[in-house]
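Residue-level listing of the chains:
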Amino acid sequence: MFSIVMICGFFGIIYLGPLALVTLVMLIQIKCFHEIISIGYIVYKSQKLPYFRTLSWYFLVTTNYFLYGESLIDRFGILLSRGDQFMQPFATYHRFISLCMYLAGFLGFVLSLVKKHYLRQFTLFGYTHVTLLLIVTQSHFIINNIFNGLIWFLLSTTLVICNDIWAYIFGFFFGKTPLIKLSPKKTWEGFIGGGFATIIYGILCAYALIRFDFFVCPISYSESQGISMQCERSHVFQVAHYNVPATVKSLFALVGVELTILKLYPFIFHTIMMACFASLIGPFGGFFASGFKRAFKIKDFGDSIPGHGGLMDRFDCQLLMGTFVYVYYITFLSPANPERLLKMVLQMKQEEQLEFFSLLQTALKGQGQL
């Protein structure tokens, strides 16, 4: 029953749009961080280490301030720099403010060191930073996926869920060969069957989502339109024509089908890549979490979700998947963006804009383009 409530709530948040999804991801991130830090807090309570929990939460705030500030400035820099006078210094000096915040926490840690607990305190200092890397940084990538277009977020998250479900089903009915010692119930049959089912689901889901601009268009800001999700579709989301190889033509000819040109969205090829990652690499996020729990001799990260354990128990694979999709998008699909460059120019002072224009004009004349 609780699972149905969660699914309905998730669809409701999707309907509310990307900003609601960003808020959801941030809340999940905070709770996951709390679950992992609470495990370290057990050590704090037993050893009476000073300020461990306080400093851990302070570094969480600092990291979020830096990462999400970077994203907001990148997307809405013009709005921040030309809007409220109060916000302008935070946009202009964001990185320096972030550094000062981190240094304050660093100094606080050094001043809290106790002679007989040096090793334990430095261990927990590293524990906090690794947690920030695994939870906060990767959730930041997931939020960037939302900004790049809801389809990148929705498809990647549901691919992981689909793989988990179908791996369980195939493993339950056909599983005989153990896959990995960290998770004794996982089987090769479930791993392989879940992989094929995930690819099929990914293609069907992509075709369903790609029809709507609401899912395809990135969230952006311009002075003329404000914050919007309207765009001219990328070529990835437009039907392309592909010539069918001669060998494939002959195979179809054997069954009386003439196939010379294949009409397909290029996004489908990227969907297959994401589905393969969700099936082959994604489960190792769960294996990593299983090893972590075994190391600390705990069954679950928490009890936030009745019957499922903690939030971290549900989102271990999602973090790894979100990171892959973000890096994949930036590497292979993020084109040189004139609009983003224009936003950077518009944030400059007037004399700097004129200097940039003069330099650009000189460079283009030198290339013979003007």
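On a predicted model such as this, the values are computed, not experimentally measured, just so you know.

Details of the overall build of the protein
So, point 1. The secondary structure content of the protein amounts to 15 helices and six strands.
So, point 2. Principal-axis analysis of the C-alpha atoms places the extent of the protein at approximately 80 × 70 × 40 Å.
So, point 3. Pairs at least 24 residues apart make up 70% of the contacts formed inside the protein by residues separated by at least 6 positions.
So, point 4. For the protein, the computed accessible surface area is about 21,900 Å², with 69% contributed by carbon and sulfur atoms.
So, point 5. Taken together, the 27 basic and 18 acidic charged side chains of the protein have centroids lying 13 Å from each other.

Let's talk about the state of the cysteines
Two cysteines whose sulfur atoms are joined by a covalent bond form what is called a disulfide.
So, point 1. Under the criterion given, the structure shown has one disulfide.
So, point 2. Covalent S-S linkage joins Cys217 and Cys231, the inter-sulfur distance amounting to 2.0 Å. Judged by the sign of its S-S torsion, about -80 degrees, the bond between Cys217 and Cys231 is left-handed. Placement of the pair is Cys217 in the loop between helix H9 (213-216) and strand S3 (220-222) and Cys231 in the loop between strand S4 (226-228) and strand S5 (240-243), with a sequence separation of 14 residues.
So, point 3. Of the residues examined, Cys217 reaches a relative accessible area of 1% and is grouped as buried.
So, point 4. Free cysteine: Cys276, not disulfide-bonded; nearest cysteine sulfur from Cys162 at 13 Å.

Overview of helix H6 (residues 118-148)
So, point 1. With 31 residues, H6 should reach 45 Å at 1.5 Å per residue; the first-to-last C-alpha distance of 44 Å fits that figure.
So, point 2. Gly149, located one to two residues past H6, shows a positive phi value of around 135 degrees.

A few points about the pairing of strand S2 (residues 183-187)
So, point 1. Sheet topology places strand S1 (residues 178-180) next to S2; two bridges connect them, and they run antiparallel. Following the sheet pairing, Pro178 is matched in S2 by Thr187.
So, point 2. Between the antiparallel neighbours S1 and S2 lie two residues.

Details of the pattern of salt bridges
So, point 1. Within this structure, the stated rule accounts for four salt bridges.
So, point 2. Here Glu70 ties to Arg95 by a salt bridge, and the two come within 2.9 Å at their closest N and O atoms. You can see Glu70 sitting in helix H3 (residues 52-82) and its partner Arg95 sitting in helix H5 (residues 94-111), a full 25 residues away along the chain.
So, point 3. The exposure class assigned to Glu70 is partly exposed, which follows from its relative accessible area of 23%.

Re the environment of Phe96
So, point 1. Checked against the element boundaries, Phe96 lands in helix H5.
So, point 2. As a C-alpha pair, Phe96 and Phe66 span 30 residues in sequence and 9.7 Å in three-dimensional space.

Points about unusual backbone geometry
So, point 1. A positive phi is found at Lys297, a non-glycine position, where the angle reads about 55 degrees.
So, point 2. If you trace the backbone, Lys297 turns up in the loop between helix H12 (283-295) and helix H13 (311-333).
So, point 3. For Lys297, a relative accessible area of 75% translates into the label exposed.

So, the packing of helix H7 (residues 150-174) against H13
So, point 1. Relative orientation of the contacting elements H7 and H13 amounts to 135 degrees, with a least axis distance of 9 Å. Here H13 runs oblique to H7, going by the angle between their axes. Where H7 crosses over H13, the two elements pack in a sense that is right-handed. Contacts from Trp152, Ser156, Thr157, Leu159, Val160, Ile161 and Asp164 of H7 reach H13 at Arg314, Cys317, Gln318, Met321, Val325, Tyr329 and Leu333.

What about the nonpolar core?
So, point 1. Core analysis: the largest hydrophobic core is formed by 68 residues, its most contacted members being Ile151, Trp152, Phe237, Phe267, Met274 and Met321.
So, point 2. Those residues in contact with Ile151 that lie beyond four places of it in its chain are Ser156, Leu209, Ile210, Phe215, Val216, Phe237 and Phe267.

A closer look at the side chain of Glu35
So, point 1. Along the polypeptide, Glu35 turns up in helix H2 (residues 18-47).
So, point 2. Buried Glu35, no salt bridge; nearest opposite-charge side chain is Lys31, N-O distance 4.8 Å.
So, point 3. Of the polar contacts made by the side chain of Glu35, one reaches the backbone nitrogen of Leu311; its length is 2.9 Å.

Digging into the side chain of Thr187
So, point 1. Mapping Thr187 onto the fold places it in strand S2.
So, point 2. Relative accessible area serves as the criterion here: at 12%, Thr187 is assigned to the buried category.
So, point 3. In contact with Thr187, not counting residues within four places along its chain, are Gly171, Gly175, Lys176, Thr177, Pro178 and Leu179.

With respect to a nonpolar patch on the surface
So, point 1. There is a patch of nonpolar side chains on the surface, built from Tyr93, Phe96, Leu99, Leu103, Phe106, Leu107 and Val110 and spanning about 690 Å² of accessible area.
So, point 2. On the secondary structure map, Tyr93 appears in the loop between helix H4 (88-92) and H5.
So, point 3. In this structure Tyr93 comes out as exposed when scored by relative accessible area, which is 51%.

So, the packing of aromatic side chains
So, point 1. All told, the structure shown has 30 aromatic pairs when counted by the stated rule.
So, point 2. Ring plane angle 55 degrees and centroid distance 6.4 Å describe the contact between Phe10 and Phe11, whose orientation is recorded as tilted.
So, point 3. Seen from their ring centres, Phe292 and Phe296 are 4.8 Å apart, and the 35 degrees between their planes marks the pair as tilted.
So, point 4. Taking the relative accessible area as the measure of exposure, Phe292 reaches 19% and is therefore buried.
So, point 5. Put simply, the rings of Tyr58, Phe59, Tyr102, Phe109, Phe122 and Phe125 pair up and form one aromatic cluster.

Calculation rules
- All residue numbers refer to position in the chain's written sequence, counted from 1.
- Side-chain atom pairs in this predicted model are given and counted only at pLDDT of 80 or more, local residue features only at pLDDT of at least 70, and totals for whole chains, interfaces and linings cover all residues.
- With hydrogens and water excluded, all non-hydrogen atoms of the structure serve as input to the side-chain values.
- Strands are runs of DSSP state E lasting at least 2 residues, helices are runs of H or I lasting at least 4, and numbering of each runs from the N terminus.
- Residue contacts follow a heavy-atom distance rule, with two residues in contact if any of their heavy atoms lie within 4.5 Å.
- Only the protein chains shown count as cover for residues, and all accessible areas are computed by the Shrake-Rupley method using a 1.4 Å probe.
- Only four residue types enter the charge count: Lys and Arg as positive, Asp and Glu as negative, with His and the chain ends excluded.
- A charge is said to be at NZ when it belongs to Lys, at CZ for Arg, at CG for Asp and at CD for Glu.
- When two cysteine sulfur atoms lie within 2.5 Å, the pair is treated as a disulfide.
- In this scheme, a residue with accessible area under 20% of its type's maximum is buried, one over 50% is exposed, and one in between is partly exposed, where area comes from a 1.4 Å probe on protein chains only.
- Multiplying one less than the number of residues by 1.5 Å gives the expected span of a helix.
- By the convention used here, strands pair only if DSSP detects at least 2 bridges between them.
- A side-chain nitrogen of Lys or Arg and a carboxyl oxygen of Asp or Glu constitute a salt bridge if their distance falls within 4 Å.
- Only the stretch in contact is used when a helix axis is fitted, and all axes are lines through C-alpha atoms; the angle between N-to-C directions ranges over 0 to 180 degrees.
- Should an angle fall under 35 degrees it is taken as roughly parallel, and over 145 as roughly antiparallel, whereas 65 to 115 is taken as roughly perpendicular and any remaining angle as oblique.
- Should the near helix be turned anticlockwise from the far one by less than a right angle, the crossing is termed left-handed; should it be turned clockwise, right-handed.
- The nonpolar core is taken to be a set of buried Ala, Val, Leu, Ile, Met, Phe, Trp, Tyr and Cys residues, with the residues joined through side-chain atoms within 4.5 Å.
- Pairing of N or O atoms within 3.5 Å defines a polar contact, subject to two protein rules: one partner must be a possible hydrogen donor and the other a possible acceptor, and residues neighboring in sequence count only if both atoms are side-chain atoms.
- Two joining distances apply to patches: 9 Å for like charges and 5 Å for nonpolar side chains (Val, Leu, Ile, Met, Phe, Trp, Tyr), and every residue must have over 30% relative accessible area and no salt bridge.
- Two rings from Phe, Tyr or Trp (for Trp, the six-membered ring) form a pair when their centres sit within 6.5 Å of each other. Planes less than 30 degrees apart are called stacked, planes more than 60 degrees apart edge-to-face, and all others tilted.

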